[in-house]
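# Results of the structural survey
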Amino acid sequence: MSNVIGTSVSRTEGRAKVTGSATYSAEHQISGLVHGYLITASVANGQIRAIDTREAEKAPGVIAVFTHKNAPKVFMPKNDFMNSKIYEARLPLSDNQVHYAGQIIGLVVADTFERARHGAHLVKVEYDTQTPLIDAKKVTFKEAPPQFGEEFAFAKGNIAAGLANAAIKIEATYTSSTELHAPIEPHAIIAHWQGADALTVYEHTQWVAGAQRTYAELFALPAEKVRIVAPYIGGAFGCKAVPWPHAILCAAVARQVKRPLKVVLSRRQMTANAGHRSETEQMLRLAATKDGMLTAIAHEVKSYTSPVDVFIEPCTGITPVMYTVPNLQLKQELAVMNIGTPTFMRAPGENPGLWALESAMDELAWALKMDPVELRLKNETREHQRKGLPFSAKHFADCLNVGAERFGWNDRPMQVRSLTRDGKRVGWGMAAATFPGLRGRASVKVRLLPDGTAHVLTAANDMGTGAYTVVAVTAAEVLGIPVEKIRVEMGDSRLPDGGLAGGSQMTASLAPAVTAACQEVLKTANCTTASEACAALRQSGRGAIEATASSAPGAEMKKWAFQSWGAHFAEVTVDEEIGRLRVTRWVSVMNIGQVINAKAAASQVRGAVIMGIGQALMEEAHLDPNTGYPVVYDLATYHFPAHADTPRIDVAFVGKPDLNFNPIGARGVGEIGITGVSAAIANAVYHATGKRLRSLPLTPDKLIG
Amino acid sequence: MTTQRLENHLTLTINGEMVRLKEVSPTMTLLQYLQQSGQTGTKEGCGDGDCGACTVAVIGQGCDRKPHYQAMNSCLIPLAAVAGQEIVTVEGIANGQLHPVQAAMVQTGGSQCGYCTPGFIISLFAAYYDRTLEDAAVEGNLCRCTGYLPIRRAAQRVASGQSGDEGVLHVGGDRFAAKLEHVTPELSPLSYTGNNQQFYRPTRLSDALQLLQHHPESILVAGATDLGLEMSHHRQAFPVMISLEAIAELQQLEQMAEFVEIGAAVPLSRIEDILRGVFPSLDEMLHWFAARQVRNRATIGGNIGTASPIGDLPPVLLSLDAEVRIAGLVGERTIPLANFFKDYRQTDLQPGEIIVSVIIPKAIAPNATRRLSQSYKVGKRGTDDISIVAAAFTIDLDSEDRIVQARLAYGGVAATPVRAIAIEQQLIGKPWNMTTIQQIKPLLETAFTPLTDLRGTAEYRKLLIANLFEKFFVETSGLQ
């Protein structure tokens, strides 16, 4: 074994990215390619009464126009997230119903993109319309159904008694706005049929093998007849995991027109048709003894879904995880609105859940006149209160203590409006971070070559997280050869199933599989080191030694609860004259088990913190209150941070490898960094101004008003 | 030259290779051309000039009139506008070895998903040759993964000369630096037709006025940072376009004792460089104006000609009492900018007329002894944003600090950029102190009836109208 794991390694695909040679979905050069442009609904609720495509069909360059009247056949996949999954359970163009503004109601195919777009504008649509449900205050809530097999409602102890007998109580409602993933790469797909029964799909996907099975089921093909190619993904954050309606339609239409077909969404189309994080309303009731021991937590959540699929923003997942409490009650409700389908967005549930819980904990600390770090240390739980399992390798207290130390937290005056600088109010706030340790099955093939290099092959993917490098580093560690001599190939369904890049699990799934495959290669060669094996190869004249291995979670899942931990410390300034809030200093300390590539892991945390700063300060996707159409349609209206919004961010890791979890001890780091960020900022704003803001984002009008 | 012969081809140089294009639409954007010709290193992230993923470097004239690599959003550049010019894209800068900015970005982890990376690389590349590798070099590039910090570190690393193993400049010198030594980025006259669209780029004002008379339906264009959005998304047809970019009279920037005259087609980045220190409020606003890629193309004439109520420069120019020089075939006229804006996106420009220049007087009021002047832009994002409210104030004081002249100008509060004239008159004769400010603030809050939109509420805007004036007082009085 060498000692590469845990060091700082530059990205193995960095060169391809800085020279522009990395190829993204829309950029594959396919001869005979034609272009599709979506026709989208201009109303939010109704039926298409008439759709006239005659003029479009006659327009120059237009090859075909598809609507619900001539929709190509597709089959409903199992959609169980084990075999296959699509984002929206209604198949595109399946009838004349319009469920949300911007919904796809047709596709124009032409020889150029411009002509397809022109054709789409020539299609005339008449609707019968009904008043859309788009006012969050006027919709009907029902108890949320189970999601991915898990119930939401939970109770232990006696919540009423716990609340009634408490010395200190906090009851508050926190809201968060609709947010967009807004990856820099817009959604794009090229579907290329080889005859009527073999399909190649060039589409960014966080789940290569899942996409292969899903497209196979959509067209009733054997999986091996579908190939997914996704070497590079220009950011995803949850919105490029499985096919959206435009992608299904593109593949179906490509088969009809017998030409390779490309569909790229505009920013405007992405707003309606490529997912979002639902807005939430969360009521929290906290009770504690005078010395700060929690006696009750009640957490009630409302979120929204579209008429055509159910996605519940699972905010209450974190509540049994954070603090020991004898009386606990969880409830989630869901309402249907005429909006596009929401989906996973970086730390779904954990992120808005901690926004509410960590704000409420701060309110409790002030009510108790207790340091918020001390309050959290006092109430830390050693077990998952819903699963009843002890946490493995938990170092939450270290995150709090080390973070407080690095930030200089102990110098904080415990009084609001007590710090100023350059005529601005200054405030310090903190919040906890958490994310479950997830792991899935993954398979990897390793090929050792006589020249001392190795190839590692897996149908996993790298959406910017650093997975290519994690795989290379792990293989280098086990084989004892330099990282530069490892060539990693990913993002192609012809390779062994590398699992899902979601739930921060790719590293935890892949690294053990890479380790196992490398060890298998050495075993096959009957050597202890790769250099011996290569020497033997050269002598024997054989081409390569190859081995494939898989790894998956097992019995440990029944013994332990796996969870990552962290703490954020934030400094903000508030210019009270104009309501300008700036984040000026940041410390994040994370406990994620074994860090594999220190450079990439710290960067994941920093990038997540900045996305959290965006959520806290500016990100909100408005709908037109009359039409339900998104009024946020580009990057000038959906604001996320620019470099000038970015403070210095100090990131540190604490704790030990979580060897109960997997042989490497790594728990993954993609999402935890964003959790707790908005609460830390709102808590700092309270310290700066004495104003408690409970509604995200913390825009200037709220700061002044 | 009323009848220019229309050519049917365009030539431009991309990464050192001359390309000759026929039949292409002159309003096809440079990005669309790059993508369609398989040069996909340059990315489309938005097509609106917001994200900077499509940034390319064009060799253009700097404030020293010498050639410079200038970062620009290729999604907003009509192909005909770069006819005859040299363009460098991300594919063209590594020559076997990585360029120092590329090497540094690999080493610091400045690239994650990689989709924004080519744009950052080119912004850093252009800054490298301008020796301006500070944070602001990437103000017009959005990244959703890295949080910008490793990108800043890459810029710092190159600036301090630590470019690592790779990225050592090539033996025999840097070919990109050498290139700048022997190119002359003068724009030549152009008359092009393609895809039934005509594109004229005259070099004399008289020619432009003649063309305009012959083609009254034509659309005037300079940097195209506004019209480029329509081209990028094909929202508008452009049968005849007249580019004002190459007209010598519109490219002048003259500094006289009493005034400064800025040609309408002078790009904002050049104004920023040449006039730094002359008008503090102009410096401040140009700093916050969109981003470098946009300022390298956008012109002062375009910014007032488009008459957006949330344009950044009009409040500054109004507060400095600027005038607009306008030319028509029958002659010239000069009017106060305050009379130029007529209604929402309506100006005083008559058919056949062209904005020639903007004149900013330097003199303070006759009885005044000193001038206070500053501007403010409040947006949601730190940079690369459109204002919620923009404000600019100019106050001339006499020796006893009484207000002799006041100009309070705002954007984002009405259908046009506006001055608070009634309030300005009330300020005259009053002492410049907090008592006066507090008397005026309630009047300012009710002076305009702004709208609520997704950038801010009407109430917040009203508060800004008043509080920005107080902020101006506090800052200029050294009370902070």
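Calculation rules
- Residues numbered from 1 in each chain as written.
- Chains lettered and ligands numbered in written order.
- Predicted model: local features only at pLDDT ≥ 70, side-chain atom pairs only at ≥ 80, totals over all residues.
- Heavy atoms only, no water.
- Helix = DSSP H or I, 4+ residues; strand = E, 2+ residues; numbered from the N terminus.
- Buried < 20%, exposed > 50% of the residue type's maximum accessible area, 1.4 Å probe, protein only.
- Contact = heavy atoms within 4.5 Å.
- Lys, Arg positive; Asp, Glu negative; His and termini not counted.
- Charge placed at Lys NZ, Arg CZ, Asp CG, Glu CD.
- Pairing = 2+ DSSP bridges.
- Right-handed = clockwise from strand over helix to strand, strands pointing away.
- Domains from an automatic or database assignment.
- Polar contact = N/O pair within 3.5 Å; in protein donor to acceptor, adjacent residues only side chain to side chain.
- Nonpolar A, V, L, I, M, F, W, Y, C, P; charged D, E, K, R; others polar.
- Salt bridge = Lys/Arg side-chain N within 4 Å of Asp/Glu carboxyl O.

### Remarks on the overall build of chain B
Each helix and strand in chain B was counted, giving 15 helices and 20 strands. Viewed in the frame of its principal axes, chain B has a C-alpha envelope of about 70 × 55 × 40 Å. Of all 480 residues assigned to chain B, the portion counted as buried reaches 63%. Put simply, 65% of the contacts in chain B that link residues at least 6 apart link residues at least 24 apart. A gap of 2 Å separates the mean positions of the 40 positive and 50 negative side-chain charges of chain B.

### So, the pairing of strand β27 (residues 648–653) of chain A
Successive side chains on a regular strand alternate, one facing one side of the sheet and the next facing the other. Residue and element names in this part refer to chain A. Inspection of the sheet shows strand β26 (residues 580–591) paired to β27 by six bridges, in the parallel sense. The residue bridging S588 from the neighbouring strand is V651, located in β27. In the classification by handedness, the crossover that spans β26, the intervening helix α16 (residues 598–617) and the parallel β27 is right-handed.

### Here's the deal with the domain arrangement of chain A
All names here are of chain A. Taken domain by domain, chain A holds domain 1 (14–21 + 440–552), domain 2 (32–131 + 184–235 + 240–273) and domain 3 (143–179 + 276–437 + 559–703). For domain 1 versus domain 3, the separation of C-alpha centres amounts to 36 Å. Counting residues at the interface gives 13 residues for domain 1 and 15 residues for domain 3. In this structure, the connection of domain 1 to domain 3 is made through three residue pairs in polar contact (both at pLDDT 80 or more). Those elements giving two or more residues to the side of domain 1 that touches domain 3 turn out to be α12 (467–479) and α13 (506–525). The element best represented in the side of domain 1 that touches domain 3 is α13, accounting for five residues. Split into classes, the residues belonging to the side of domain 1 that touches domain 3 amount to five nonpolar, eight polar and no charged.

### Some words on the pattern of salt bridges
Residues and elements named next belong to chain A. Overall, the coordinates contain 63 salt bridges over all chains when judged by the stated rule. The partner of D95 in a salt bridge is R90, and the shortest N-O contact between them spans 2.9 Å. Accessibility expressed as a relative area gives 11% for R90, which makes it buried. Notably, a salt bridge pairs E300 with R285, separated by 3.0 Å at the nearest N-O pair. One end of the pair, E300, is in strand β15 (residues 294–305); the other, R285, is in strand β14 (residues 280–288), with 15 residues separating them in the sequence. Through salt bridges with shared partners, a single ionic network connects D362, E363, R692 and R694.

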